[in-house]
Amino acid sequence: MKEYVATFYTHYGALKFDKFCKKRGIQSAQMPVPRKLSSSCGTCVKFSSEDVAFLAEAEHEDMEGCFLVNGKDDYTALDV
């Protein structure tokens, strides 16, 4: 299972996405945004999934970015 971090422009966007993940049985948690990724709203959602195909169903106009976690402080930006 791969780990991802989604960053958002607002706290509400992060909350909404976290609920979206949980409804679909995707393990997720809100957490502070790693400063290496963004300084927008300060809250991101870390989630685990085999892939990010489910993001096509999400309302993610508030999503700033989505990143694959490669290791500590090592991220790869994804197109969503």
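Calculation notes
- The residue count restarts for each chain, going from 1 along the sequence in the order it is written.
- Only residues with pLDDT of at least 70 are given local features in this predicted model, and only at 80 or more are side-chain atom pairs given and counted; all residues enter the totals for whole chains, interfaces and linings.
- Calculation of side-chain values draws on the structure's entire complement of heavy atoms; hydrogens and water are dropped beforehand.
- Aromatic contacts are taken between Phe, Tyr and Trp rings whose centres are within 6.5 Å, Trp giving its six-membered ring; a plane angle under 30 degrees counts as stacked, one over 60 as edge-to-face, and the others as tilted.
- Under the DSSP-based scheme used, a helix requires at least four consecutive residues in state H or I and a strand at least two consecutive residues in state E, with every element numbered from the N terminus.
- Exposed residues in this analysis have more than 50% of their type's maximum accessible area, buried residues have under 20%, and partly exposed residues fall in between, with area computed by a 1.4 Å probe over protein chains only.

## A closer look at the packing of aromatic side chains
Right, on to step 1. Tallied over the entire structure, the rule returns seven aromatic pairs.
Right, on to step 2. Plain terms: the ring middles of Phe 17 and Phe 20 are 6.0 Å apart, the flat faces sit at 25 degrees to each other, and that makes the pair stacked. Placement of the pair is Phe 17 and Phe 20 together in helix H1 (residues 11-23), with a separation of three residues, close to one helical turn.
Right, on to step 3. Judged by its relative accessible area of 4%, Phe 17 is buried.
Right, on to step 4. Phe 20 sits in the buried class, given a relative accessible area of 11%.
Right, on to step 5. Here the aromatic rings of Phe 17 and Phe 47 are separated by 5.5 Å at their centres, their planes lie at 65 degrees, and the arrangement is edge-to-face. Remark: Phe 47 occurs in strand S3 (residues 43-49) and Phe 17 occurs in helix H1; sequence separation between them is 30 residues.
Right, on to step 6. Feature note: the residues Tyr 4, Phe 8, Phe 17, Phe 20, Phe 47 and Phe 54 constitute an aromatic cluster, connected by ring pairs.

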